[in-house]
Amino acid sequence: MALRINQNLSAMNAARNLASTDSALSQSIERLSSGYRINRASDDPAGLVISENLRAQISGLGQAISNSTDAVNMIKTAEAALDEVSSQLVSMRALALHASNVAVNDAVGIGADQAQIRSTLESLDRIAANTQFGTKKLLDGSGGVVGTSTNTEATVLGGTAGTKGGTYPVEITSVASQAFAVSTPRDIQQVAMAAAPAATSGSAAGIIGSDYSILRFGGALVTGGPIDVRVYSTDTVQDVINRVNHDPVLSRSIKATLNPTGALIFQSKYLSNAPGSMTVAALAGSGTTGTAANLTAFLSVPAGPTNSTSTVASGSSLLQNDERLTLTDAISGKSTPVALLQGDSLDAVVTKINAAAQASGVNVKVQLLDGGKLQWTNTSYGNGAYASVTVTSNIGAAYAAGADMGLGGATLTVSAAGATGSDYTGTAGSNVAGTINGEPATGVGQILTGNSGNANTDGLRIKVTSTVVTPGVLAQVYIRQGAASFQIGANQGQSVAVSIDSMATSQLGTHATGLSTAAKSLHDIDVSTFDGAQDAIRIIDDAISQISGQRAALGAFQKNSLESNIRSLQIAKENMSASESDIRNADMAVESTSFAKNNILVQAGTAMLAQANQSPQALLQLLK
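Computed from a predicted structure; not experimentally measured.

Each value, and the rule that gives it
- Residues numbered from 1 in each chain as written.
- Predicted model: local features only at pLDDT ≥ 70, side-chain atom pairs only at ≥ 80, totals over all residues.
- Heavy atoms only, no water.
- Helix = DSSP H or I, 4+ residues; strand = E, 2+ residues; numbered from the N terminus.
- Areas by Shrake-Rupley, 256 points an atom, 1.4 Å probe, with all protein chains shown as cover.
- Buried < 20%, exposed > 50% of the residue type's maximum accessible area, 1.4 Å probe, protein only.
- Pairing = 2+ DSSP bridges.
- Axes fitted to C-alpha atoms, helices over the stretch in contact; angles between N-to-C directions.
- Contact = heavy atoms within 4.5 Å.
- Phe/Tyr/Trp six-rings, centres within 6.5 Å; stacked < 30°, edge-to-face > 60°.
- Parallel < 35°, antiparallel > 145°, perpendicular 65-115°, else oblique.
- Left-handed = near helix turned anticlockwise from the far one by under 90°.
- Nonpolar A, V, L, I, M, F, W, Y, C, P; charged D, E, K, R; others polar.
- Salt bridge = Lys/Arg side-chain N within 4 Å of Asp/Glu carboxyl O.
- Core = buried A, V, L, I, M, F, W, Y, C linked by side-chain atoms within 4.5 Å.

> Would you mind showing me how to read the overall build of the protein here?
A count of helices and strands for the protein gives nine helices and 27 strands. Summed over its atoms, the accessible surface of the protein is roughly 28600 Å², and 54% of this surface lies on carbon and sulfur atoms.

> Explanation requested: the environment of E52 in the structure shown.
Examined against the element boundaries, E52 turns out to sit in helix α2 (residues 45-100). Exposure remark for E52: the relative accessible area of 37% places this residue in the partly exposed category. With 532 residues separating them in the primary sequence, E52 and R584 have C-alpha atoms 9.3 Å apart.

> Explain the sheet that holds strand β20 (residues 424-427) to me, please; I cannot follow it from the model alone.
Sheet strands line up and pair through hydrogen bonds in the backbone, either parallel or antiparallel. The antiparallel open sheet is built from four strands, whose spatial order is β16-β17-β6-β20. Each end of this open sheet is capped by a strand with a single partner; those strands are β16 (364-368) and β20. Looking at each pair of strands side by side, their axes are set apart by 20 degrees on average, direction ignored. The sheet contact formed by strand β6 (residues 178-183) and strand β17 (residues 374-381) spans four bridges and is antiparallel. What sits directly across from V182, in β17, is Q375. Helix-sheet contacts for helix α6 (residues 346-360) involve β16 and β17, and the interaxial angle to β16 is about 165 degrees.

> I tried to follow the environment of A533 on my own but got confused; where do I start?
Inspection of the secondary structure puts A533 in helix α7 (residues 530-584). Accessibility expressed as a relative area gives 0% for A533, which makes it buried. Once you skip the residues sitting within four places of it in the chain, A533 turns out to touch A96, A99, S100, D526 and V527.

> Got a minute to help me understand the packing of aromatic side chains in this structure?
The geometry of an aromatic ring pair comes down to the distance between the two centres and the angle between the two planes. Counted by the stated rule, this structure contains two aromatic pairs. Centroid distance F486 to F557: 5.8 Å. Interplanar angle 40 degrees. Geometry classified as tilted. Pair noted here: F486 is in strand β26 (residues 484-487) and F557 is in helix α7, with a separation of 71 residues, a long-range link. Here F557 falls in the buried class, since its relative accessible area comes to 7%.

> Looking at this structure, I do not really get the packing of α2 against helix α3 (residues 107-130). What am I missing?
To describe two helices that pack against each other, one gives the angle between their axes and the distance between the axes. Viewed as axis vectors pointing N to C, α2 and α3 meet at an angle of 165 degrees, and their least axial separation amounts to 10 Å. By the angle between their directions, the pair α2 and α3 is classed as roughly antiparallel. Regarding α2 and α3, the two cross each other, and that crossing is left-handed. Together, A81, E84, V85, Q88, L89, M92, L95, A96, H98 and A99 of α2 and I110, D113, Q116, I117, T120, L121, S123, L124 and I127 of α3 make up the contact between the two elements. Looking at the contact of α2 with α3 residue by residue, the classes come out as twelve nonpolar, five polar and two charged.

> Any chance you could explain the pattern of salt bridges here in plain terms?
Summed over all chains, the structure comprises eight salt bridges. Residues E580 and R55 are paired through a salt bridge, measuring 3.0 Å at the closest nitrogen-oxygen approach. Highlighted residues: E580 in helix α7 and R55 in helix α2, separated in sequence by 525 residues. Overall, the relative accessible area of 8% leaves E580 in the buried class. What makes R55 partly exposed here is its relative accessible area of 32%. Salt-bridge contacts for R461 lead to D501; the nearest nitrogen and oxygen are separated by 3.1 Å. Taken as a pair, R461 in strand β24 (residues 461-464) and D501 in the loop between β27 (495-498) and α7 lie far apart in primary sequence, 40 residues in all. Each of E79, D83 and R551 takes part in one network of salt bridges that share partners.

> Is there a simple way to think about the sheet that holds strand β25 (residues 473-481) in this case?
Read across the open sheet, the eight strands follow the order β3-β25-β5-β21-β22-β23-β24-β4; overall the sheet is antiparallel. The open sheet has two free edges, formed respectively by β3 (145-149) and β4 (154-158), since each of these has just one partner strand. When strand polarity is set aside, the average angle formed by the axes of neighbouring strands in this sheet is 30 degrees.

> Is there a simple way to think about the nonpolar core in this case?
Proteins that are soluble and globular tend to have nonpolar side chains buried together. Ranked by internal contacts, the top residues of the largest apolar core, which has 47 residues, are L89, M92, L139, F486, L522 and I525. A total of 16 residues in this core trace back to one element, the largest contributor, which is α2. The residues contacting M92, other than those within four sequence positions of it, are I117, T120, L121, L124, L522, I525 and I540. Judged by nonpolar contacts, the second largest core, of 22 residues, contains A181, I353, A356 and V364.

Okay, structure coming up:
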């Protein structure tokens, strides 16, 4: 073995290994004391980059969870306020119903109802103005889409989070209309004299040679028939008219008049059941010279057992049968019975139906046209399934159409198709159609809504009340977007927004249809009259629907966008933390094993270095 003094290679080798082992031991001590596998970039450069990115994501996820939780609390605050608004509206509806009971209410009671309603409206406006989350107002419209219009026939109702602020032209290609059904003309029966009597006002003496003759009235339309009316030799035509019209039984069914030419007409008061349902016959009375022929010559009664003809009915024409109608609204399911009685005039029928429909909230009204025709109109606009009202009758097909309301035991439907039902023809309702800012929009009834995906007008809702199409631009609308946006993700662009419309009373109940008064919103209701109270019920019902819809939208946003997001973020944060831990944290079992090994190696290396440093001592033996 070569013995050298200047280079002790064994010592150098032992020193190098000891230094390496000491460095490894120091690293083990550092990892065991810090708990991290990566304490500096040199420990694992690639791992450090991945770990730092994961740490940023984990921190972002934590903040996103916190943001979402704050958003949930904000939505809960708004929804709680809307719940109180709903409760107040229900109370107002009860007051409107009480005010509608005009038969027993006096002016003081109705005034008290209106005063309480006005106080409630003030309370609702206060809730809309003052509901806040921190300093953020929630229900005043600042968190939704608000807008104004240059034309009162185009009203901005609201929008969604996808609606952008700006100025947009509204163009209409067709306006909304209501479905309606019109009956065929309704008939009554009459007997018209073939010619004018020989004397329209003077004595008929000499024409009838006997003491009297008889006019016999019969047929299905004559109540209690047949009924005889005496005509005396001294009677004038007016006497005959008066005797018929004042007969306590006959006058229920028959009315006698003179037509413009002076001819005598006997006209039924009831709607016709069938042609020939009323007859007038001339019969001889007492005496030797009196004959039916004399009376026939005097009155010119047309011959034949069924000598009546049809003529159109009027508002004073009467129903021949009791009838029970049932009106049912398709979308709300609201239903109401209408009891029609024998002897009700068509005018009374129209009043009964409209009162029942308005009181129950069924979207239909009836009006009487010329010729006794009835027009049923759906007060909702458009051709959707929601604009459908059915009318059923308890009278079966045994009655001809003219004898009852013309339903013939079937069902009249006033809807998108116009009408179905015997004796009726209908015209379908139509939806408004047009564009907003040149972008496509969908019309439902009078509401024009910007299509989903539009660049600027996504979800923008405009109510168009025009009855005629205006060429070019109907209106310019000015839109401000105030939708509340929430950052619910760890990265840029991961945000959602929700629009909360104004809950001011002037913005509620604006969709109500079939109103009889000038009220346009909840703010305008006045129950001091019957019509006002009935309109108040419709407006309040619409306001309740608006509030319920807004609450549903907020609830869906809370459940689907926020609470679901919180759960998914918590899982993502958990999994990402596990990944970051795998990369950055020390495996204490591995590190303790490494520490024990390196500690032993350091001790062994130290001993070996001492031995290596002693090996040159052997040279001293050569120098002795």
